[in-house]
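Structure assessment
What follows is the residue order along each chain.
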Amino acid sequence: MSFALGLTGSIGMGKSTTARMFADEGCALWDADAAVHRLYAPGGAAVEPMRKAFPQAIEDGAVSRDALKRIIGKDPDALKTIESIVHPLVAADRAAFRAQARSDIVVFDIPLLFETGGDAAMDAMACVTVPPEVQKQRVMERGTMTEAQFEQICAKQMPNDEKCARSDFVIVTDTLDHARRQVQDVVRQIRAGQNHA
Ligand SMILES: CC(C)(COP(=O)(O)OP(=O)(O)OC[C@H]1O[C@@H](n2cnc3c(N)ncnc32)[C@H](O)[C@@H]1O)[C@@H](O)C(=O)NCCC(=O)NCCS
Ligand SMILES: Nc1ncnc2c1ncn2[C@@H]1O[C@H](COP(=O)(O)OP(=O)(O)OP(=O)(O)O)[C@@H](O)[C@H]1O
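Since the model is a prediction, treat every value here as computed from it, not as a measurement.

Thresholds applied
- Residues numbered from 1 in each chain as written.
- Chains lettered and ligands numbered in written order.
- Predicted model: local features only at pLDDT ≥ 70, side-chain atom pairs only at ≥ 80, totals over all residues.
- Heavy atoms only, no water.
- Near = heavy atom within 4 Å.
- Polar contact = N/O pair within 3.5 Å; in protein donor to acceptor, adjacent residues only side chain to side chain.
- Helix = DSSP H or I, 4+ residues; strand = E, 2+ residues; numbered from the N terminus.
- Nonpolar A, V, L, I, M, F, W, Y, C, P; charged D, E, K, R; others polar.
- Domains from an automatic or database assignment.
- Contact = heavy atoms within 4.5 Å.
- Buried area = accessible area lost by both parts, 1.4 Å probe.
- Salt bridge = Lys/Arg side-chain N within 4 Å of Asp/Glu carboxyl O.

On to the site of ligand 1. Around ligand 1, the surrounding shell holds 18 residues, and the nearest of these are Y40, R65, K69, E83 and H87. Contact distances for ligand 1 include 3.1 Å between an oxygen atom and a side-chain N or O atom of D33. A distance of 2.6 Å separates an oxygen atom of ligand 1 from a polar side-chain atom of R65. Listed by contribution, the elements that provide at least two residues to the shell around ligand 1 are α2 (32-40), α4 (65-74), α5 (78-100) and α7 (147-156). Of the residues that constitute the shell around ligand 1, the class distribution is ten nonpolar, two polar and six charged. Each of domain 1 (1-27 + 104-197) and domain 2 (33-102) accounts for three or more of the residues forming the shell around ligand 1.

Right, here's the structure in full:
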């Protein structure tokens, strides 16, 4: 059975970048945001249930993220409905991945791991972090969200300090080199533990 490492962190803190570093060390990787992309794509399992709840969110047979952000901007409760459709489908995708994974460590890159209680299914948790001003600057530079949308998402997430306090490993993503060294150290510790088990 593979070792399940949950990788989390608030929006823009560097999860995806750090997850790729774990893959470079030979870990299998499952990415919740990527699973949502598959579910929203034409033919994806979320398209028809989303069409029923939000017909205006469907464009060219796919769920449009821009349309969803407009809907959530007008009605913050819409996110709850979206989550009730998407999260069970994401959980099924994750379970299927875990069941077939063959590598010694599987990393689950999941933004809402603590918020959804998914940490209970992990063998250990890692959290990525940078100061809030760096986080905001990185998200604004990406140019996919307005400041209001960013603040709305932040308000829904557990504070990053709390996520770090509840994690077994904290990875500071201030520079790429520093993050990579910390990733290598985490992998080394997990593999050493497995060898002594
Ligand atoms: C809100 C949406 C339309 C924004 O899309 P966009 O492409 O601009 O951003 P992206 O999907 O890359 O998300 C960026 C970050 O926002 C945060 N975020 C996304 N959804 C949520 C949520 N439901 N609650 C809190 N934070 C969230 C995460 O930190 C995520 O990494 C999209 O994230 C979405 O449809 N969310 C609902 C599904 C969901 O809960 N996904 C989270 C992973 S399961
Ligand atoms: N260790 C690092 N050093 C310097 N910059 C980094 C580091 N990690 C990530 N970044 C930069 O921060 C930004 C956000 O990174 P990334 O997309 O990995 O975050 P994320 O947590 O997955 O974001 P989201 O939750 O919004 O999907 C990117 O511009 C990325 O290049």
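Domain assignment breaks the protein chain into domain 1 (1-27 + 104-197) and domain 2 (33-102). Here the C-alpha centre of domain 2 lies 22 Å away from the C-alpha centre of domain 1. Of the residues lining the interface, 20 residues belong to domain 1; the matching set on domain 2 comes to 13 residues. On the domain 1 side of the interface with domain 2, the three residues burying the most area are F108, Q152 and K156, jointly 32% of the side's total. A salt bridge links D123 to R98, with the shortest nitrogen-to-oxygen separation between them at 3.9 Å. Viewed at the interface, domain 2 and domain 1 are joined by four residue pairs in polar contact (both at pLDDT 80 or more). If you list the elements that add at least two residues to the side of domain 1 that touches domain 2, you get β5 (105-109) and α7. Taken together, the residues that form the side of domain 1 that touches domain 2 break down as eleven nonpolar, six polar and three charged.

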